[in-house]
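So the chains spell out like this:
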Amino acid sequence: MFSEYFSAVDFLLLKPAILLTIFGIGVMLTDLLLDERQKHFNAVTALVGIGFAAVQMLRIQSQMREAGVSEVEAFRGAIVLDGLGIFFIWLFLISTAITILISFRYLEIENEHHGEYYAIMLFATVGMIFLAIGMDLITLFIGLELMAVSIYILAGFLRGDRRSNEAAMKYLLLGAFSSGILIYGMSLLYGMSNSTNLREIGSALSQRPLGDPLVIMAVVTIAAGLFFKIGAVPFHQWVPDVYEGAPHSITAFMSVGPKVAAFALLLRMFLEPLGSLREQWEPLLIGVAVATMTLGNLAAISQSNIKRLLGYSAISHVGYILLGLVSGNETGLKGIAIYLLVYVFMNLGIFTVVVAMRRRDLVGDEINDMAGLMHKNPAMAILSLIFLLSLAGIPPTAGFLGKYFIFLSLLETGHYTLAVIAVLYVAVAIYYYFRIVVVMFMQAPLDQELPSISMGIRWALGITAAMTLLIGLYPEPFIQLASGPVLAILR
Amino acid sequence: MTWIHDHILTVVLFVPLAGAILLMFLPKENKNGVRWAANLTAFLGFLVSVPLVFWFDSSVGEFQFVEKVEWIPSIGANYSLGLDGISLLLVMLTTVLGFIAILSSWTSVNERLKEYYFFLLLLQTGMLGVFMTLDFFLFYVFWEVMLVPMYFLIGIWGGARKLYAAIKFFLYTLVGSVLMLLGILAIYFTNRDQTGEATFDIVTLQNLNLPENLQLWIFFAFFVAFAIKVPMFPFHTWLPDAHVEAPTAGSVILAGVLLKMGTYGFVRFSLPMLPDASSHPAVVKFMMTLSIVAIIYGGLVSLMQKDWKKLVAYSSVSHMGFITLGIFALNPNGLSGGILQQINHGISTGALFLIVGIIYERRHTREISEFGGLSNVMPVYATLFLIVAMSSLGLPTLNGFIGEFVILQGAFEENWVWAAFGVTGIILAAAYLLWLYQRTMFGPLDNPKNKNLKDVNFREMMTLAPLIILAFWIGLYPKPFFRILEQPVAKIVERVRPAYYAAHPDAFGAPARLNAAAQPAASLETEAAAVRSAKKRARASR
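Keep in mind it's a predicted model, so treat the numbers as computed, not measured.

*Asks:* Give a description of the overall build of chain B that names residues and reports values.
*Replies:* What chain B contains, in helices and strands, is 25 helices and 2 strands. Over its C-alpha atoms chain B spans a radius of gyration of 23 Å, differing by no more than 12% from the 24 Å that the globule rule assigns to 542 residues. Reported as C-alpha extents along the three principal axes, the dimensions of chain B are approximately 75 × 50 × 45 Å. In chain B, the proportion of contacts linking residues at least 24 apart, taken out of those at least 6 apart, comes to 78%.

Structure below.
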């Protein structure tokens, strides 16, 4: 009777998400048995869960390869696992795993080491996975909310810290508001097409006359909701505040996982149902992209708090990624995929350094807290330099590769002015990233306290730095990797 | 031996980097150990580059010692290296100056030694890569890589306003290079559209025929990048700051090698890839005007400097103006002079910065008014300074004369007014250098702080000696240098002005001359006969 509604494929595709959920609940249960000093077992459990999910992903991929299919549908088309989905799921698993690595020492220092932290992080990852593979408005929205609600909680995880509470509250209010706008746009889509399936909506929309006010309304509201989620101008105000107030490790997580997930949703929405309406949203997107780059880069210049600075820098990166969507050709989409891949590693890398700056009596989020890092811990200073160069897009680091494809795609599609604006902001970015470098390399240390380096931080730094350099020096396999999702979209 | 022969460029390129990495494992406390390791690496870097001179065949027009390994096949970028006459000279200049710069820092730098030498060696690899690579993508990578160590050299070991100077240097160069990146991508993309093949190969792209309109745009993008690097007149403001604040070795490298990347860029990329834009009358006029302004303005500003090092820095602006003047004369004389003058400027100005460095290390000031009568206490120093100054101002028998003479000859061929303006630069150079010499070396020794200055020691003499030998060599017997340049210059001229050699059959690098030169045993008569027959052929073809 059951098999009338569900098939084996459905469960197979969901296995990674199911495993993550089970381990999340498991962490909550075992947490009750652990005493105060054994809390790091929670992190281990969560990592094991991610490992299981990763193994499951590998198996799904190998089965797809054996069957010779590039895309699998489940739940009657509500879920589609294609190259894009697989690529994004891997990014989520990596981001979550690295965040867990940098978390446990930090939570000990903050005296907030609870199992829920890891459990909620796993639930957020499940939400993200649904954003990457959902092909149905309802599925996507539930995935989005699962992720968002988890992050609201995590942002306010330092219960005793007013800034953390404020960040969570702000994020909750603005996030709920933006979800409301988004679902309003989705309801319009449903109204016009009588379907919640993205592909059916797409074919229904392409039948509508050009300049239909309903369509424009739907495009604008959906775009606004999505721009909120990725933190694009003019819906960016929450980014610096929330980044500053949230626990360091959660800021690191937010800047990669949920952001990449929001981009997955954005790409799906703009390329599947709204793909035929390119003329209508392209000018809008150009304006938003330029404004985002401009504001992100210029506002970052004057920041003294490193988390705020990285918040604005994250905004500017959103601008660059949106430019890839503006050109929208194969190079541009490849650029987006590579940019996101690189961004995960370099951004987590620099945030790992910030997390290590949190010491017993020091919040460690002012730029000056990094003074003299070169004398205290040369390795960490040099790795930070690599991350910052990569964020700015200086070769031979990975960051250059993402920008390379974006710039090339802009020239290919004839957006010359945009290309010039985009490259010139690289020089602005170097200016503010190097303010951090100056403090680390050219100023004397303010105190003698060394950065708090745990095993997890060491691994996180090693992995992120190695990937940032490897993708920059030997990019070929990663370009191949990014071609998969692009083929899936352009199919 | 054959392995070395086939991979010599890779070896030359990575010896400094390997040394830099080894250096990181030495204990920080062992300062002399670090110094020895860095100096030996730099010397080794020079030694392995020496065979290039002997193995290089100047009668071959193609790139030599070519190495090509696939790097990013999906976008058509390769790890590909190769040398022609132009890059051979610049590579040799880099390895010589790189070693001298490191040797000159033995006593002048005492803090954070490991990092200092690490950055210098890293910089060395970056610079060599820029001159060696035959892949545009790889070129851009090296071009940018080199900014970072230079930033730190100025920013950590520099003078009072080091942070300002360092970031100014970085940002100026970066603005230029990102625009250049767009130019590179435009060429790459157009080539892919025309031929269907995605490649960054410089040799292939040099034969690409772009529409003139596009050429002008790309020329402009390249111009900004290279003009900032040279620096040409309105883009020069970063140079005095960077030079004055940089440590001596940094200045030597900056003036000696980094500035040459701009002129190298013009010669290697702008001219052959964008021949219509480069020979567009408006562009030529524009470049010539900027060059002349730089020559005269740089000279005048040097004349009024109170700071010794700043004077030398501004003199660079003037001298680099000569180089661009020669290049954009777009004839064999101008080009070959412009390229040789790059080497000359590296030698003379590098040596001038060493001279300033020697006195700065003793007195910790560079105010010209603080000095006077130094020739009484430092006779050897005064003699060396005299030779270097003469080489810089273009005294015959020294290198500067040869380069400037040939450049002016080339400029004169095109328009005598340009040459006339250019000559004023030589006069100005004589004025500011001789006046500087008079104020510092002659006159009464009235500043008590100068009374007990020690003359140059053996190590300092060794930093200057190779440069002075080279200066005399080029001044007295420049023929081998021109021989090396003949083939590549001819290629560029043929590309930019295809009709030039038909009209000037005995010009430098003309096919007739090349054929004669290819037979070393040929007597004067056969050479003359070859010229005559070439003339005949030219007449016949008309």
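*Asks:* A description of the overall build of chain A should follow, citing residues and the corresponding values.
*Replies:* When its secondary structure is counted, chain A shows 19 helices and 2 strands. Its C-alpha atoms give chain A a radius of gyration of 22 Å, near enough to 23 Å, the size a compact globule of 491 residues would have. Across its three principal directions, the C-alpha atoms of chain A cover 70 × 60 × 45 Å. Here chain A holds 491 residues, and the buried ones make up 58% of them. For chain A, restricting intrachain contacts to residue pairs at least 6 apart in sequence, the fraction spanning at least 24 positions comes to 80%.

*Asks:* Tell me about the interface of chain A and chain B, and name the residues and values.
*Replies:* In this assembly, 24 residues from chain A lie in contact with 24 residues from chain B. When residues of the side of chain A that touches chain B are traced back to their parent elements, those giving at least two are α16 (398-412), α17 (416-442) and α19 (476-490) of chain A. Within the side of chain A that touches chain B, the residues separate by chemical class into 21 nonpolar, 1 polar and 2 charged.

*Asks:* Give me the lowdown on unusual backbone geometry, citing residues and values where you can.
*Replies:* Residue and element names in this part refer to chain A. Note that the residue after P395, namely P396, is joined by a cis bond; omega there is 5 degrees. Summarising the element assignment, P396 is placed in the loop between α15 (378-392) and α16. Located in the positive-phi region is F75, a residue other than glycine, with phi close to 50 degrees. As for its placement among the helices and strands, F75 is situated in the loop between β1 (72-74) and β2 (79-81). A positive phi angle is found at N194, which is not glycine, with a value near 60 degrees. Judged by the 9 C-beta atoms lying within 10 Å of it, N194 is exposed.

*Asks:* Let's hear about helix α15 (residues 308-327) of chain B: which residues, and what values?
*Replies:* An α-helical turn contains 3.6 residues, so a residue and the one three or four places further along point in the same direction. With 20 residues, α15(B) extends 29 Å between its outermost C-alpha atoms, agreeing within 8% with the 28 Å of an ideal straight helix rising 1.5 Å per residue. Burial of α15(B) is extensive: 20 of the 20 residues sit out of reach of the surface.

*Asks:* A description of the pairing of strand β2 (residues 77-83) of chain B should follow, citing residues and the corresponding values.
*Replies:* Residues and elements named next belong to chain B. Counting buried positions over the 7 residues of β2 gives 5, a clear majority of the element. As paired strands, strand β1 (residues 64-72) and β2 are joined by 6 bridges and run antiparallel to one another. Within β2, the position partnered with Q64 by the bridge is L83. Where β1 folds back onto β2 in an antiparallel hairpin, the turn is made up of 4 residues, including G76, whose phi is positive at roughly 80 degrees.

*Asks:* Can you break down the nonpolar core residue by residue, with the values?
*Replies:* Grouped together as the largest cluster of nonpolar side chains are 398 residues, with contacts concentrated most on L340(A) and F407(A). Of the residues forming this core, the biggest block, 20 residues, is contributed by helix α13 (residues 330-357) of chain A. Once residues within four sequence positions are removed from consideration, F407(A) is found in contact with A419(A), A422(A), V423(A), L181(B), L182(B) and L185(B).

*Asks:* Quick one: what's the story with the packing of α13(A) against α15(A), residue by residue and with numbers?
*Replies:* Residue and element names in this part refer to chain A. Interaxial distance between α13 and α15 falls to 9 Å at its minimum, and their mutual angle equals 140 degrees. The hand of the α13/α15 crossing is left-handed. In this structure, α13 uses M346, G349, I350, V353 and A356 to contact α15, whose residues at the interface are M380, L383, S384, F387, L388, S390 and L391. Counted by class, the contact of α13 with α15 contains 9 nonpolar, 3 polar and no charged residues.

*Asks:* Any details on the environment of A465(A)? Residues and values, ideally.
*Replies:* All names here are of chain A. Relative to the assigned elements, A465 resides in helix α18 (residues 455-473). For A465, a count of 23 C-beta atoms within 10 Å gives the class buried. Taking the C-alpha atoms as reference points, A465 and A398, separated by 67 residues in sequence, lie 9.9 Å from one another. In this structure A465 touches G349, L383 and I386, once residues within four positions along its chain are discounted.

*Asks:* Can you break down the environment of F6(A) residue by residue, with the values?
*Replies:* Residue and element names in this part refer to chain A. Within the fold, F6 resides in the segment before α1 (8-33). F6 sits in the partly exposed class, given 13 other C-beta atoms within 10 Å. Measuring from C-alpha to C-alpha, the distance between F6 and A74 comes to 8.6 Å, with 68 residues separating the pair along the chain.

*Asks:* Quick rundown of the confidence of the model for chain B? Include the residues and the values.
*Replies:* Residues and elements named next belong to chain B. Scored by pLDDT, chain B comes out at a mean of 88, with 94% of its residues at no less than 70. Confidence drops under a pLDDT of 50 for residues 519-525, and excluding neighbours within four residues, the segment shows 2 contacts in the predicted structure. The complex prediction reports pTM at 0.92, with the ipTM value standing at 0.92.

*Asks:* Outline α1(A), listing residues and values.
*Replies:* Residue and element names in this part refer to chain A. The terminal C-alpha atoms of α1 lie 36 Å apart, and with 26 residues this matches the ideal 38 Å at 1.5 Å per residue to within 8%. Of all the bends in α1, the largest measures some 55 degrees and sits at K15, one to four residues before the proline P16. All of the buried residues in α1 are L13, L14, P16, A17, L19, L20, F23, G24, V27 and D31. Against α2 (40-67), β1, β2, α3 (83-110) and α4 (115-133) lie the buried residues of α1.

*Asks:* How would you sum up the packing of helix α8 (residues 213-230) of chain A against helix α10 (residues 248-271) of chain A? Please name residues and give values.
*Replies:* Residue and element names in this part refer to chain A. α10 packs onto α8 with a crossing angle of 160 degrees between their chain directions and a minimal axis gap of 9 Å. By the angle between their directions, the pair α8 and α10 is classed as roughly antiparallel. When the axes of α8 and α10 are compared, the crossing they make is left-handed. The residues of α10 that touch α8, namely those facing I222, L226, K229 and I230, are K259, A262, F263, L265, L266 and M269. Of the residues contributing to the contact of α8 with α10, the split by class is 8 nonpolar, no polar and 2 charged.

*Asks:* For the environment of V438(A), give the residues involved together with the corresponding values.
*Replies:* Residues and elements named next belong to chain A. Mapped onto the secondary structure, V438 falls in helix α17. Taking the C-beta count within 10 Å as the criterion, V438 has 18 such neighbours and is therefore assigned partly exposed. In this structure, the C-alpha to C-alpha distance between V438 and F407, residues 31 residues apart in sequence, is 29 Å.

About the criteria used
Here the residue numbers are simple positions, counted from 1 along each chain's written sequence. Here chains are named by letter from A upward and ligands by number from 1 upward, in the order in which they appear as written. This being a predicted model, a pLDDT of at least 70 is required before a residue's local features are given, and a value of 80 or more before pairs of side-chain atoms are given or counted; all residues contribute to the totals for chains, interfaces and linings. Secondary structure is summarised from DSSP: a helix means a run of H or I of at least four residues, a strand means a run of E of at least two, and numbering begins at the N terminus for each. Only C-alpha atoms enter the radius of gyration; for comparison, a globular chain is expected to reach 2.2 Å times N to the power 0.38, where N is the number of residues. Contacts are defined on C-beta atoms placed from the backbone: any two residues whose C-beta positions lie within 7 Å are in contact. Here a residue counts as buried when 20 or more other C-beta atoms sit within 10 Å of its C-beta, as exposed when there are 12 or fewer, and as partly exposed otherwise, the C-beta atoms being derived from the backbone. Three classes are used, and their members are as follows: Ala, Val, Leu, Ile, Met, Phe, Trp, Tyr, Cys and Pro are nonpolar, Asp, Glu, Lys and Arg are charged, and the others, Gly among them, are polar. Take the residue count of a helix, subtract one, and multiply by 1.5 Å to get its expected span. A pair of strands is labelled paired if DSSP reports no fewer than 2 bridges between them. Throughout this description, the term nonpolar core refers to a group of buried Ala, Val, Leu, Ile, Met, Phe, Trp, Tyr and Cys residues whose C-beta atoms join them within 7 Å. Only the stretch in contact is used when a helix axis is fitted, and all axes are lines through C-alpha atoms; the angle between N-to-C directions ranges over 0 to 180 degrees. We call a crossing left-handed when the near helix sits turned anticlockwise from the far one by less than a right angle, and right-handed when that turn is clockwise. As a per-residue quantity, pLDDT reports the predictor's confidence and falls between 0 and 100. Values of bend correspond, residue by residue, to the angle between axes fitted over the seven residues ending at that residue and the seven starting there. Note that the term roughly parallel is reserved for angles under 35 degrees, roughly antiparallel for angles over 145, roughly perpendicular for angles of 65 to 115, and oblique for everything else.

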